[in-house]
Amino acid sequence: VVQGTVPCEVQGPIIRIPSQSGPDGLPLRLLLPAAARYPEGAPIVVHSTATASMDRVHACLRAQGFVDVVYHCPSARERLTNCSEQLADVLAFATGRIRSLENKSIDGHTGDVKADTANVGLVGWSAGGNRAVLTMARYGDRFPGLRWYASWESPVLSIGDGGGSGTIYQPRPFYDAS
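Bear in mind that the values here come from a model prediction, so they are computed numbers and not experimental data.

### Topic: unusual backbone geometry
So, step 1. Phi at Asn103 is positive, roughly 60 degrees, even though this residue is not glycine.
So, step 2. You can see Asn103 is positioned in the loop between α1 (84-94) and β7 (115-125).

### What to know about α1
So, step 1. For α1, the buried fraction is high: 10 of the 11 residues fall into the buried class.
So, step 2. Here α1 has its buried residues at Ser84, Gln86, Leu87, Ala88, Asp89, Val90, Leu91, Ala92, Phe93 and Ala94.
So, step 3. Just past α1, the residue Gly96 takes up positive phi, approximately 85 degrees.

### Considerations on the pattern of salt bridges
So, step 1. Inspection of every chain in the model, using the stated rule, returns 6 salt bridges.
So, step 2. The partner of Asp55 in a salt bridge is Arg29, and the shortest N-O contact between them spans 2.8 Å. Linking Asp55 in the loop between β4 (42-48) and β5 (56-57) with Arg29 in strand β3 (residues 26-31), this pair joins segments that are 26 residues apart in sequence.
So, step 3. With relative accessibility at 40%, the residue Asp55 sits in the partly exposed group.
So, step 4. Classification of Arg29 by relative accessible area gives buried; the value is 13%.
So, step 5. Taking the shortest distance from any N to any O, the salt bridge between Glu85 and Arg142 comes out at 2.8 Å. Placement of Glu85 in helix α1 and of Arg142 in the loop between α2 (128-139) and β8 (146-152) is noted, with a sequence separation of 57 residues between them.

### Digging into the side chain of Asp116
So, step 1. By the secondary structure assignment, Asp116 is in strand β7.
So, step 2. Despite being buried, Asp116 has no salt bridge partner; Lys114 is the closest side chain of opposite charge, sitting 5.8 Å away.

### Considering α2
So, step 1. Between its terminal C-alpha atoms α2 stretches 16 Å, which fits the 16 Å expected from 12 residues at 1.5 Å a residue.
So, step 2. Along α2, the residues classified as buried are Gly128, Gly129, Asn130, Arg131, Ala132, Leu134, Thr135 and Tyr139.
So, step 3. Buried-residue contacts for α2 involve β4, β6 (67-71), α1, β7 and β8.

### Things to note about the sheet that holds β3
So, step 1. Ordered in space as β2-β3-β6-β4-β7-β8, the 6 strands form an open sheet in which the pairing is mixed. Because the sheet does not close on itself, it has two edges, and the strands there are β2 (15-17) and β8. The average undirected angle you get between the axes of adjacent strands in this sheet is 30 degrees.
So, step 2. Here 3 bridges tie β2 to β3, and the two strands are oriented antiparallel to one another. Opposite Ile15, over in β3, you have Leu28 as the bridge partner.
So, step 3. In the packing of α1 onto the sheet, the strands contacted are β2, β3, β4, β6, β7 and β8, and the crossing angle to β4 comes to about 175 degrees.
So, step 4. Strand contacts of α2: β4, β6, β7 and β8, with the helix running at about 130 degrees to β7, the strand carrying the most contacts.

### What to know about the packing of aromatic side chains
So, step 1. Scanning all chains against the criterion turns up 2 aromatic pairs.
So, step 2. Geometrically, the ring pair formed by Phe66 and Trp148 is edge-to-face, given 6.4 Å between the ring centres and 85 degrees between the ring planes. Pair noted here: Phe66 is in the loop between β5 and β6 and Trp148 is in strand β8, with a separation of 82 residues, a long-range link.
So, step 3. Owing to a relative accessible area of 14%, Phe66 belongs among the buried residues under this scheme.
So, step 4. Of the residues examined, Trp148 reaches a relative accessible area of 26% and is grouped as partly exposed.
So, step 5. Note on Trp125 and Trp152: the rings are 5.7 Å apart at their centroids and 55 degrees apart in plane angle, and the pair reads as tilted. You can see Trp125 sitting in strand β7 and its partner Trp152 sitting in strand β8, a full 27 residues away along the chain.
So, step 6. The exposure class of Trp125 is buried, given its relative accessible area of 7%.

What counts, and where the lines are drawn
Residues numbered from 1 in each chain as written. Predicted model: local features only at pLDDT ≥ 70, side-chain atom pairs only at ≥ 80, totals over all residues. Heavy atoms only, no water. Helix = DSSP H or I, 4+ residues; strand = E, 2+ residues; numbered from the N terminus. Buried < 20%, exposed > 50% of the residue type's maximum accessible area, 1.4 Å probe, protein only. Salt bridge = Lys/Arg side-chain N within 4 Å of Asp/Glu carboxyl O. Lys, Arg positive; Asp, Glu negative; His and termini not counted. Expected span 1.5 Å × (residues − 1). Contact = heavy atoms within 4.5 Å. Pairing = 2+ DSSP bridges. Axes fitted to C-alpha atoms, helices over the stretch in contact; angles between N-to-C directions. Phe/Tyr/Trp six-rings, centres within 6.5 Å; stacked < 30°, edge-to-face > 60°.

Encoded structure:
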């Protein structure tokens, strides 16, 4: 955890983005910094947690000048793979590839703080790190502007990834050694 970060509750308007997850779109929230970290704008961090909740962040990075992005996926507890496509939609929005249902870019939802869509990262928290890895492997073409990934205590390559785990003799189906 970055020095000075603390878990926090996320409140504020719900933004909906286009998603195959439902006709009303996928809900997410932004947690904005008081000021952008760099002259180019505030880096954007998308949080992937085991429960995919938009009400809490494990480590708020707004004090460090980041825009925190959290989203809701109601089927997250059932299986880690259930929300991979939704996470891909959120990353496409954060990197500027898609707009909200209000036809606004992420920058259109940040008020006076410029969001830097050229500096977008993903943090996988615990089992949410598995979802993040699966999402990058399966849907990475939807968000080619993703610049960095970090993981915190993620049980990477565990049985929680929804099956197709491979063995010590056979690689996982989504693993590409090239």
